[in-house]
Amino acid sequence: MAHFPATPSFSGTLRPSRIECDILDLEVEGDVPKQLDGTFHRVHPDPQFAPKYEDDQFFNGDGMVSLFRFRGGKVDFRQRYARTDKWKLERAAGHALFGAYRNPLTDDDSVKGQIRGTANTNVMVHAGKLYAMKEDSPCLLMDPLTLETEGYTDFGGKLKSQTFCAHPKIDPVTGNLCAFAYGTKGLMTKDMAYIEIGLDGALVREIAFENPYYCMMHDFGVTGDYAVFTVMPQISNWERLEKRLPFFGFDTSLPCYMGVLRRDGDASDLRWFKTDNCFVGHVMNAFNDGTRVHIDLPISANNSFPFFPDVDGKPFDPVASRGYLTRWTVDMSSNSDAFTSIERLCESPDEFPRIDERYATQAYRHGWMLILDPDRPYEGPGGAFYALTNTLGHIDLATRRETRWWAGPQCAIQEPCFIPRGPDAPEGDGYVIALVDNHVTNYSDLAVFDAQRVDEGPISRIRLPMRMRQGLHGNWANAARLAA
Ligand code: V55
Ligand code: FE
């Protein structure tokens, strides 16, 4: 008998959904641009079974992958669980076997040593497969159209790392998928790797190195010449796991770092630049002009994750938790470990930044993100920690002009995704899509915006007959990439 805890992670707007389905030809309000031919995949955590522990958290749910197939103005929908090893073992048992988030000490003896991954963080098409990813485990391969799971991959026995990040980037110049991994030799190890996977799905390079301290390293940046890593003190250790504390805790006594590694090197010239304690969010983009290396990402004065609390017990500070898009710059020709500059790019709290990915790794002009506008009213039920992602924003980094669209008092918006109008469209010319979840009616729409006119609101809404659970990340793949 399924009985989910009555905690904010499993009730109210975060009530588990667990819906696998196929819907042909979704209802559409307005017109979906006919030239859009491709797929939008996204994923949310959705526990298959009630968790072993009442205090379990949202990030531990099994990956539920959604597919919106766009063709000729019509959109088909499909949703399937990522059939991870964990999902299959628990399916066979009929109940949860794996315990707390990233804590193997809490698992049933019957599953000791099994891969604990949930594939719940990001999904991206590369080399004919859908990569479904969770940063604590290997990359899971799925079929991009049927959503059948193939299983975990070690890239033909070539990849040494036990883990694979959830935020790879596709280098638009080489077509390689650029990724990284932390805890490559096991939990709590400082061992990391920079990884590239070629257009044929084979390992191109794996560069091993160590980070200054073990921490949650969630996202990274890639430039033409370098891979860029951010170290922030969401830390962990075995003592925390033995005490059954949340896996990560935030340590305000530790500094942050920006690491820069040559993509074609052997890590002998890896540099760690140092800055004050802060909380580091998702990466919008990174690029280098010569030896000057830039990474753009929301930075908060303090911890943004209340469920990974302060290690000294300091109370969560919601205002200090807000991140603001910031440019971190370092110079590889400098002899010191100091940053060259730290420049705030956006004055509104923001997260889930995206770009026109044809400009990934390069100097760029256009960004989109969710803005957390605290001055807007919210009329939905409380509890969901993402209820304030109420506004979609566009930023023109050349003029610093910001435009935005508020989704209304009943709604939250999920991570946006940019789609170019066509292969030759200039940077930023196209569409932005984002799920808009109505927490009162309990329906979601996939809203389509003109990317340069988000303030005018959606030009069409692709209507789902249900509300999507809060998700993490998703990506567009055009027909050419699907066929490759
Ligand atoms: C994040 C999400 C995760 C995770 C670690 O957003 C970090 C950050 C959905 O799971 O395991
Ligand atoms: Fe993420």
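All figures in this text were calculated on a predicted structure; none of them were measured in a lab.

Asker: So, the environment of Q35: which residues are in play, and what are the values?
Answerer: The residue Q35 is located in the loop between β2 (27–30) and β3 (38–45) in this model. On the accessibility criterion, Q35 (43% relative accessible area) is partly exposed. For the pair Q35 and G72, spaced 37 residues apart in sequence, the C-alpha to C-alpha distance is 6.4 Å. Non-local contacts of Q35, meaning those with residues more than four positions away in its chain, are made with R421 and Y431. A distance of 3.3 Å separates a polar atom in the side chain of Q35 from a polar atom in the side chain of Y431.

Asker: Any chance you could break down helix α1 (residues 85–93) for me, citing the residues and the numbers?
Answerer: What α1 keeps buried is the set K86, W87 and E90. Buried residues of α1 fall within an arc of 95 degrees about the axis and therefore sit on the same side. Packed against the buried residues of α1 are β5 (74–81). G94 occupies a position one or two residues after α1 and carries a positive phi of about 85 degrees.

Asker: Describe the coordination of the iron ion (ligand 2), with residues and values.
Answerer: For the iron ion (ligand 2), the full set of protein donor atoms is H167 (NE2), H218 (NE2), H282 (NE2) and H473 (NE2), and the range of their distances to it is 1.9 to 2.2 Å. Seen from the iron ion (ligand 2), its four donor atoms lie at angles of 92 to 162 degrees, and the figure they make is irregular. A relative accessible area of 21% places H218 in the partly exposed class. On the basis of relative accessibility, which here comes to 11%, the residue H282 falls in the buried class.

Asker: Residue-level account of the sheet that holds strand β4 (residues 63–71), with values.
Answerer: Pairing within the open sheet is antiparallel, and its five strands lie in the order β1-β5-β4-β3-β34. The sheet is open, and its two edges are formed by β1 (21–23) and β34 (474–478), each paired on a single side. Strand-to-strand twist of the sheet, defined as the mean angle between neighbouring strand axes without regard to direction, takes the value 15 degrees. Bridge count for β4 against β5 is eight bridges, and the pairing is antiparallel. Bridged to R71 within β5 is K74.

Parameters and conventions
- In this convention, every chain numbers its residues from 1, walking through the sequence in written order.
- Chain letters start at A and ligand numbers start at 1, both assigned in the order the entries are written.
- For this predicted model, a pLDDT threshold of at least 70 governs which residues receive local features, and a threshold of 80 or more governs which side-chain atom pairs are given and counted, while totals over whole chains, interfaces and linings are taken from all residues.
- To obtain the side-chain values, all non-hydrogen atoms of the structure were used and water was disregarded.
- To qualify as a helix, a DSSP run of H or I must reach at least 4 residues; to qualify as a strand, a run of E must reach at least 2; elements of each kind are numbered from the N terminus.
- A 1.4 Å probe rolled over the protein chains alone gives each residue an accessible area, and that area as a share of the maximum for its type sets the label: buried under 20%, exposed over 50%, partly exposed in between.
- Contacts are assigned to residue pairs with any non-hydrogen atoms lying within 4.5 Å of each other.
- Here a polar contact is recorded for every N or O atom pair within 3.5 Å, except that within protein the pair must consist of a potential hydrogen donor and a potential acceptor, and residues adjacent in sequence are included only if both atoms are side-chain atoms.
- In this context, the arc is that of the directions from the helix axis out to the C-beta atoms.
- Atoms are scored as donors when they are N, O or S and lie within 2.8 Å of the metal, with 3.2 Å used for Na, K and Ca; no water is included, so coordination may look incomplete.
- Irregular is the default label, applied whenever a site is not tetrahedral (four donors, all angles between 85 and 135 degrees) and neither square planar nor octahedral (four or six donors, opposite donors over 155 degrees apart, all other angles between 65 and 115).
- Only when DSSP finds a minimum of two bridges between them are two strands counted as paired.
- Interaxial angles span 0 to 180 degrees and are taken between N-to-C directions of axes, which are lines fitted to C-alpha atoms, for helices over the stretch in contact.

By themselves, these figures tell us nothing about what the structure is for.
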